[in-house]
Amino acid sequence: MTQTPAHAQSTNSVLMIRPGRFYPNPETAADNAFQRNVDGDPDALTLLARKEFDAAVQTLGAAGVNVHVFEDTGEPEKPDAVFPNNWISTHHDGRIALFPMYSNLRRRERRQDIIEELRKYYRVTEVIDY
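A few points on the structure. Since the model is a prediction, treat every value here as computed from it, not as a measurement.

Thresholds applied
- Residues numbered from 1 in each chain as written.
- Predicted model: local features only at pLDDT ≥ 70, side-chain atom pairs only at ≥ 80, totals over all residues.
- Heavy atoms only, no water.
- Helix = DSSP H or I, 4+ residues; strand = E, 2+ residues; numbered from the N terminus.
- Expected span 1.5 Å × (residues − 1).
- Buried < 20%, exposed > 50% of the residue type's maximum accessible area, 1.4 Å probe, protein only.
- Arc of directions from axis to C-beta.
- Contact = heavy atoms within 4.5 Å.
- Phe/Tyr/Trp six-rings, centres within 6.5 Å; stacked < 30°, edge-to-face > 60°.

Over its 21 residues, helix 1 (residues 42-62) runs 30 Å from end to end, which matches the ideal 30 Å to within 8%, given 1.5 Å per residue. Within the span of helix 1, buried status applies to Thr 46, Ala 49, Phe 53 and Val 57. End-on, the buried residues of helix 1 take up no more than an arc of 75°, which puts them together on one face. Exposed side chains of helix 1 directed beyond 90 degrees from the buried face belong to Lys 51, Glu 52, Gln 58, Thr 59 and Ala 62. Tucked into the core, helix 1 has its buried residues touching strand 2 (13-18) and strand 3 (66-71). Two residues or fewer past helix 1, Gly 64 is found with a positive phi of approximately 90°.

The next point concerns unusual backbone geometry. That bond from Glu 75 to Pro 76 is cis: its omega, -10°, falls within 30 degrees of zero. In this structure, Pro 76 sits in the loop between strand 3 and strand 4 (88-90).

This part is about the packing of aromatic side chains. Taken as a whole and assessed by the stated rule, the structure comprises two aromatic pairs. Relative to Phe 83, the ring of Phe 22 lies with its centre 6.3 Å away and its plane at 55°, an arrangement referred to as tilted. One end of the pair, Phe 22, is in the loop between strand 2 and helix 1; the other, Phe 83, is in the loop between strand 3 and strand 4, and 61 residues separate them in sequence. Look at Phe 22 and you get partly exposed, because its relative accessible area is 26%.

Now the structure itself:
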């Protein structure tokens, strides 16, 4: 994906989703090495994830990175929405690729409004929905 003529490249930009809910996904926990069950209140985990997310956005911004922040939608609930790299990728020639997700909860993460917002800032030549 390439930025509009004012910006020749998008290498200084990232897309991030601020979590609406964050907790171990019961549909993917069994075979996801990066996930573990925790004894904790989902509301407390969500609050901690939001604090870490906001700190990361601030750190990236201070380093000159253009951060496109999207708020997760409240409904339907999506515990893994903070990981958009699993369902979307952008490419230097303007292509956006959308990937299928095995978990029903993960399928809810794909959002057309994010693609439309990216079109406002970047030249999108094609959206490939796998």
